[in-house]
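Listed here are the chains, written in short residue letters.
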Amino acid sequence: MLSFDKYSFNLKLLKSIKELEFNFPTPIQEKVIPPILSSKTDIIATAQTGTGKTAAFGLPIIQLTDNKNKNIECVVLCPTRELCIQITKDLTSYSKYMKYYTVIPLYGGTKVETQIRSLRKDPKIIVCTPGRLNDLIKRRCLDFSLVKYFVLDEADEMLSMGFKNEIEKILDKIPFDRKIYLFSATLSEKVKKVSQKYMKDPLLISTSSSNQAADTVKHKYYLSNKNKRYDIIKNIIDINNNIYTIIFCRTRRETKNLSNMLVKDNYKAKVLNGDLSQSERDQVMQQFRTKEINILVATDVASRGIDVDNLSHII
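These notes cover the structure that comes with them.

Cut-offs and rules
Residues numbered from 1 in each chain as written. Predicted model: local features only at pLDDT ≥ 70, side-chain atom pairs only at ≥ 80, totals over all residues. Heavy atoms only, no water. Helix = DSSP H or I, 4+ residues; strand = E, 2+ residues; numbered from the N terminus. Rg over C-alpha atoms; globule rule 2.2 N^0.38 Å. Buried < 20%, exposed > 50% of the residue type's maximum accessible area, 1.4 Å probe, protein only. Contact = heavy atoms within 4.5 Å. Expected span 1.5 Å × (residues − 1). Arc of directions from axis to C-beta. Pairing = 2+ DSSP bridges. Axes fitted to C-alpha atoms, helices over the stretch in contact; angles between N-to-C directions.

The subject of this paragraph is the overall build of the protein. In terms of regular secondary structure, the protein is built from 13 helices and eleven strands. For the protein, the C-alpha radius of gyration of 20 Å lies close to 20 Å, the compact-globule estimate for 315 residues. Along the three orthogonal principal directions, the C-alpha set of the protein runs to about 60 × 50 × 40 Å. Within the protein, the proportion of its 315 residues that are buried is 47%. Partitioning the contacts of the protein with sequence separation of at least 6, the portion at a separation of at least 24 is 72%.

With that out of the way, let us pick up helix α11 (residues 252-264). Helix length check: α11, at 13 residues, gives a terminal C-alpha distance of 18 Å against a target of 18 Å (1.5 Å per residue), a fit within 8%. Every buried residue of α11 is listed here: T255, L258, S259 and L262. One face of α11 carries all of its buried residues, which in axial projection span an arc of 100°. For α11, the exposed residues set more than 90 degrees away from the buried face come down to R253, N260 and K264. Where α11 is buried, its residues meet α10 (229-239), β8 (245-249), β9 (269-272) and β10 (295-299). At the exit of α11 stands N266, carrying a positive phi of roughly 70°.

Structurally, K70 can be placed in the loop between α3 (53-64) and β2 (74-77). Residues K70 and L146 lie 76 residues apart in sequence; the distance between their C-alpha atoms is 9.8 Å.

By way of backbone hydrogen bonds, the strands of a sheet pair with one another, either parallel or antiparallel. Pairing is parallel across the open sheet formed by four strands, whose spatial order is β9-β10-β8-β11. This sheet does not close on itself; its edge strands, each paired only once, are β9 and β11 (313-314). For β8 and β10, the ladder comprises five bridges, and the chain directions are parallel. Residue pairing for β10: I247 is matched across the bridge by V297. Its contacts with the sheet place α11 against β8, β9 and β10, and it is angled at close to 165° to β10.

Below, the structure is given as structure tokens:
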């Protein structure tokens, strides 16, 4: 396997790659970077979370947009605030040594006026959630006339969350000759319909078998009545010393109930769900990353974009 040198990235980008200790491209990066650099085709790529997707599209797009234009040249659309912030953080670290290169996040839950002011920084890339981006489009705050690259990240999740109309409204505003790069864990029927409507002879790329789990994860399951579930969760926590876990629940109400029960039983737990403000979510994630708390109780919607190292368990 060869290093990133083979892609003819500029020296500023290679400096960031080296600093981030990206020694060799991951399988998805190997397959996606060359066709994006060629800018000849739309791409549909299926890959699991944690396989290096952001660098797969981010590195070549930054390379292609390292110029003196002051216009938005790339739009990245993703389902949640957390993922929006994480992608922005990653792209900013890749473009660290680019002069005047700016990446900004646009998402709901914060003052829109603050984000409108941030657009005056002449960003090259905007990373957005669908609702907030449509709001800014209605306010006529964005100029998409020079957008060349449109990335749909976690497309299956966005569509399952009901963002189809918002996504289509945005795509209708992007120049016709743009390239679309769609990343999805699965190729659902909803994803196929959007791709058929807006993409031109896309290149299909896959790095894993359908529905195959990561081979670094050991799976266990327990059959239980609902009234025994909490006891099982407590037992899992108690028998695993130094457990560092995210517990996913189906609804926000369930996250609150479970978290309250855990706190009452003297466990260090906090909730992460859609009822929290952005500052509250940031505070909870900071407490979890620093292990001030070791149990995060979350809805699955909140899970996209959680970037935490060394988790021991997912429940």
